[in-house]
Amino acid sequence: MNDGAPVMPAPGPPRDAAIPAAVERTLDNGLRVVAFEQRNLPLIAAQLIVGCGGAAEREEEAGLSAMVAALLTQGTTRRSATEIAAAIDALGARLDAGSGYDASVVSVSATTPAFGQSFALLNEIVRAPAFLAREVERVRTKSLSDLSLTYANPSALARLVAYRAAYAGAPYGHPLAGTAATLASLERDRVAWFHERFYRPDDATLVIGGDLTVDEAFAFAEGELGSWRAPDSPRCAVPDAVIPPPRARVVIVDKAESGRTALTVGGVTIPRRSPDYAAGVVANAVLTGYSGRVNQEIRVKRGLSYSASTSLPARRLPALFTASTLIDHGRAVEATEVMLATLRSLVDAPAGDDDLISRKATVTGGFYRGIETIDGIASALAEHVLFDLPLDELPRFPGRIAAVDASAVRRFAARWLVDDLCVTLVGDASRFAADLARTRDVRIIPGDQLDLGSPALEAEVVPVPPLLDADAVS
Amino acid sequence: MTALPTISASAIHVSPFLYVDRTLANGLRAIVIPDRRVPSAAINVAYRVGGKDDPAGRSGFAHLFEHLMFKGTSRTAPETIDRLTEDVGGFNNAFTTEDITNYYEVIPSNHLERLLWAEADRLASLTVNEANFATEREVVIGEYDQRILAEPYGLLDELVNREAYRVHPYRRGVIGSPAELNAAALDDVVAFHATYYRPDNAVVVVAGDCDVEETFGWIERYFGRIPTPSSPIPRVRVVEPPQTQERSFTHRAANAPLPALEEAYHIPEAAHPDAPALEVLEAVLGAGRSSRLYTTLVYERQLVTSAWASADLRQQPGLFGLRITCARGIALADARWALHEEVERVCSEPPSELELERVRTQIASALVRARQTNNGVAMALARATTERGDPAVVNTDLERYLAVSGADVQRVARTYLRVENRTAIEYLPA
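The structure displayed is predicted, hence computed values, not measured ones.

Here is what the cut-offs are and how they apply
- Residues numbered from 1 in each chain as written.
- Chains lettered and ligands numbered in written order.
- Predicted model: local features only at pLDDT ≥ 70, side-chain atom pairs only at ≥ 80, totals over all residues.
- Heavy atoms only, no water.
- Pairing = 2+ DSSP bridges.
- Helix = DSSP H or I, 4+ residues; strand = E, 2+ residues; numbered from the N terminus.
- Axes fitted to C-alpha atoms, helices over the stretch in contact; angles between N-to-C directions.
- Salt bridge = Lys/Arg side-chain N within 4 Å of Asp/Glu carboxyl O.
- Buried < 20%, exposed > 50% of the residue type's maximum accessible area, 1.4 Å probe, protein only.
- Core = buried A, V, L, I, M, F, W, Y, C linked by side-chain atoms within 4.5 Å.
- Contact = heavy atoms within 4.5 Å.
- Domains from an automatic or database assignment.
- Buried area = accessible area lost by both parts, 1.4 Å probe.
- Polar contact = N/O pair within 3.5 Å; in protein donor to acceptor, adjacent residues only side chain to side chain.
- Disulfide = S-S within 2.5 Å.
- Patch = residues over 30% accessible without salt bridge, like charges linked within 9 Å, V, L, I, M, F, W, Y side chains within 5 Å.
- Areas by Shrake-Rupley, 256 points an atom, 1.4 Å probe, with all protein chains shown as cover.
- Lys, Arg positive; Asp, Glu negative; His and termini not counted.
- Charge placed at Lys NZ, Arg CZ, Asp CG, Glu CD.
- Phe/Tyr/Trp six-rings, centres within 6.5 Å; stacked < 30°, edge-to-face > 60°.

Let's talk about the sheet that holds strand β4 (residues 91-96) of chain B
Residue and element names in this part refer to chain B.
- If you trace the 6 strands from one edge of the open sheet to the other, you get β1-β2-β6-β3-β5-β4, paired in mixed fashion. In this open sheet, the two strands that pair with only one neighbour each are β1 (20-23) and β4. Pairs of neighbouring strands in the sheet enclose a mean axial angle of 15 degrees, with direction left out of account.

This is the structure in structure tokens:
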């Protein structure tokens, strides 16, 4: 072109980012405290990471750790649920409690003038929850309603089925939100037992930072949580995973009424602490994002779906890699084949070192954007705490990503992302199951027979014995 | 009962946005706000065109067009914007509302000039061919299927707009209909770009790690040369007549697991003096777990699993929506009765000073949080300029909220939450 229009300018030299340094101390009661200072806005955040999550639940108590977390904000020995809600809103604060497979997390963030009172509320809900029977019933009812919404969403359901198919009765197999049957059976006393036993200072870390000095942060920690005492009982332990050997297969949940078919391809891979984690993150980055291979093949080239993505979560035990999309029932076979072929392309047509420059930049860019906010810095530090990584690994993360080369990515993909993958489809099976069965090992589960409470995924199957007996840890 | 902790909203220091606002000779408005803390910058380019401006018989077109803006120009290949952002560790996206289309990028700051060039390039010389037009239309219909058909209650927003408005184009929504999307042709694309994508219909905002004068220099260099057509920009002048009778509709869907209801009331435009009181009313009813709807309907009476209030303030008169999803085993009529009791309560007595102080603190805290990211800052300025006509309102919003009294809240509730001004959509399991 020569119409006088300016040509694309070159980028200027890059500028370095500063990551606030984390300082840590352990209180006399065993509580580890990680503090940082970041002063650009009048905001302070704190996260308490309790080292016991859903992975430690017994099969028949699926949903217990989530219920404990949900109930923390629903009343203490001093305040009713309504009073806690009124207090948080009056402070303009955010106070949340939730449970993942690996840990439970209670977090608070508030403007500087509101932080002291907000942090005192965190202390109160962690240490003195009331677990009133009527609140247990309320959370149970709400959880059951939420479950019916989840089950009506094919993408959400496919994800739950993929986890169960991959892990069966091993930790991470059961749904964190429980099932209708397990939720119905959870007793108030078990909720209190779980809290008393596992919410404890010697198995917890507080990350706190923002618009304050680290000394002020330690003073807040000591002032509120310094008098917290650990029980004599042993700490939470998740048994070694007994993950079933993977094999290539297709699990279809037949739901003719769902508007579209959800596809999730899953494979169990590596834990966060694995030395291959950085290679896994880069392999995942080659696949996901708008410019990732999966979205390019499924959306951009073929218009099969509005979006397609992959995920490699960070977990203590080997994590489930997933590749997901949502398609028309009539194109489910094509989408399945394209998805599997795209994963295989990491081996057949591996990304070169030059291709990796941009994919690695997406990881590093996402990392820096993640720590743009106070909550983001706290979460990044909390992740390091959760996986027992040294805190000085946080600023090293961009360097670890930079060091991944093409052969490491190809090796990771060949080992984890090609063979023995489980394909989960939730949709109108009459439109695609027969076609898939011609070439693949297909199992069809009628939608009304699906039981996520069963490691075998269907009702009528006798559950395997629980992996963690409550008494085995006492 | 333990004493309620309190702080005063006025104790929260919300620093003003210190931006520089200039208009180029060709009518392009440019706003720059530097923050050199992290080496990253955000660009927002907002155009005053949205779903309400869709051509006749082409509902969903403005949104389809948004997708086509990623399909290359006379100088660049399709998806160039993705290459220039994602591949260097940034991201980009865009959204279309009833009133505006906003494109944004977040990039390492050493790429700022290059992305300003790319935004100017697609404003000046978009090219779309039959092949990528057809592919992208499939993608948009896929988005319709995913967001509207597959999502439980996905059609509810569409139904509310369709029934609450009788003549105003807001009735068509933004996503449009697959039939009308399929009717669109390449000629429509060319005409739409020529009509709405012009410098005097756009605002460019840059927030983050930049030098103000250098950035204005780049904006002048790349955008300043784009000519402005002499023709006027067509504007929607249709006025929705006042609603005089309640409207009620029932929709059944196989993927609606629990009965849901939205009741929507006509309210004035975003720049109207009643807007702050309507937002405070929204917060009194629906913000947080101590809000009235949550406390009464979700928590105490357990009639619904979620309750939501929204003052959907638009460039032209919008809607105040109240939405509930029944708890399992609860009849919609019972939940609806309780919802109406809450509406009557807020009409019959003003909220207490304690309740208002709670809302003020929530709003002030939210304003601080919204300043955490460069893109949040840029988007706030872009939206204020295009939807409310003036970026300066971002610095006076807090004052306006703090000035809302209990009597103001009661007055707007009485003025707008009237039965004859209401459109109700029941969304029931099939």
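Having put the structure on the table, let's press on.
Some thoughts on the pattern of salt bridges
- Tallied over the entire structure, the rule returns 65 salt bridges over all chains.
- With a shortest N-O distance of 2.8 Å, Arg247 of chain A and Asp441 of chain A are connected by a salt bridge. Linking Arg247 of chain A in the loop between α8 (214-225) and β7 (249-254) with Asp441 of chain A in the loop between α16 (433-437) and β12 (442-446), this pair joins segments that are 194 residues apart in sequence.
- For Glu334 of chain A, the salt bridge identified is with Arg331 of chain A, shortest N-O distance 3.3 Å.
- Residue classification places Arg331 of chain A among the partly exposed positions, given a relative accessible area of 29%.
- Salt bridges sharing partners connect three or more residues here, namely Glu246, Glu263, Arg336, Arg422 and Glu426 of chain B.

Notes on the nonpolar core
- With 180 residues, the main nonpolar core has Leu48 and Leu206 of chain A together with Leu281 and Phe320 of chain B as its most contacted residues.
- Sorting elements by how many residues they give to this core places helix α9 (residues 277-287) of chain A first, with 9 residues.
- If we ignore the near neighbours within four places in the chain, the residues touching Leu48 of chain A are Leu31, Ser104, Val105, Val106, Val126, Ala204, Thr205, Leu206, Leu225 and Trp228 of chain A.
- Residues Phe65, Leu68, Leu115 and Leu181 of chain B belong to the second largest nonpolar core, which totals 52 residues.

Examining the sheet that holds strand β11 (residues 422-429) of chain B
Residues and elements named next belong to chain B.
- Taken in spatial order, the 5 strands of this open sheet run β7-β11-β8-β10-β9, and their pairing is mixed. Pairing within the sheet leaves two strands with one partner each, and these edge strands are β7 (247-253) and β9 (304-312). Averaged over all pairs of adjacent strands, the angle between their axes in this sheet comes to 15 degrees, without regard to strand direction.
- Judged from the 7 bridges that link them, strand β8 (residues 260-266) and strand β10 (residues 319-326) form a sheet pairing that is antiparallel.

Comments concerning the domain arrangement of chain A
Residue and element names in this part refer to chain A.
- For chain A, the assigned domains read domain 1 (23-225) and domain 2 (249-440).
- The C-alpha-based centres of domain 1 and domain 2 are spaced at 28 Å.
- Counting residues at the interface gives 34 residues for domain 1, matched by 33 residues for domain 2.
- Each partner contributes to the roughly 2700 Å² buried at the junction of domain 1 and domain 2, and carbon and sulfur atoms together form 68% of this total.
- Inspection of the domain 1/domain 2 interface yields 0 salt bridges.
- In this assembly, domain 1 and domain 2 are joined by 9 residue pairs in polar contact (both at pLDDT 80 or more).

Quick notes on the state of the cysteines
All names here are of chain A.
- Counted according to the given criterion, the structure contains 1 disulfide over all chains.
- Across a sulfur-sulfur distance of 2.3 Å, Cys52 and Cys236 are joined as a disulfide pair. Judged by the sign of its S-S torsion, about 60 degrees, the bond between Cys52 and Cys236 is right-handed. Of this pair, Cys52 sits in the loop between β3 (43-50) and α1 (64-72) while Cys236 sits in the loop between α8 and β7; the two residues are 184 residues apart in sequence, bridging distant segments of the chain. By the burial criterion, Cys52 is buried, and Cys236 matches it.

Structural notes on a negative patch on the surface
All names here are of chain A.
- Together, Asp353, Asp354, Asp355 and Asp405 make up a negatively charged patch on the protein surface.
- As for its placement among the helices and strands, Asp355 is situated in helix α12 (residues 353-370).
- On the basis of relative accessible area, Asp355 is assigned to the partly exposed category, the value being 41%.

Quick word on the environment of Glu240 of chain B
Residue and element names in this part refer to chain B.
- On the secondary structure map, Glu240 appears in the loop between α8 (212-223) and β7.
- Among the residues examined, Glu240 registers a relative accessible area of 16% and is labelled buried.
- Measuring from C-alpha to C-alpha, the distance between Glu240 and Tyr170 comes to 9.5 Å, with 70 residues separating the pair along the chain.
- If sequence neighbours within four positions are ignored, Glu240 has contacts with Ala164, Tyr165, Arg166, Val167, His168 and His266.
- Among the polar contacts listed, one links the side chain of Glu240 to the backbone nitrogen of Arg166, at a separation of 2.6 Å.
- Within polar-contact distance, the side chain of Glu240 engages the backbone nitrogen of Val167 at 3.0 Å.

Concerning the packing of aromatic side chains
Residue and element names in this part refer to chain A.
- Within this structure, the stated rule accounts for 23 aromatic pairs over all chains.
- For the ring pair Phe119 and Phe220, a centre distance of 6.1 Å and an interplane angle of 75 degrees mean the geometry is edge-to-face. Here Phe119 is found in helix α3 (residues 112-127), whereas its partner Phe220 is found in helix α8, with 101 residues between them in sequence.
- For Phe220, a relative accessible area of 27% gives the class partly exposed.

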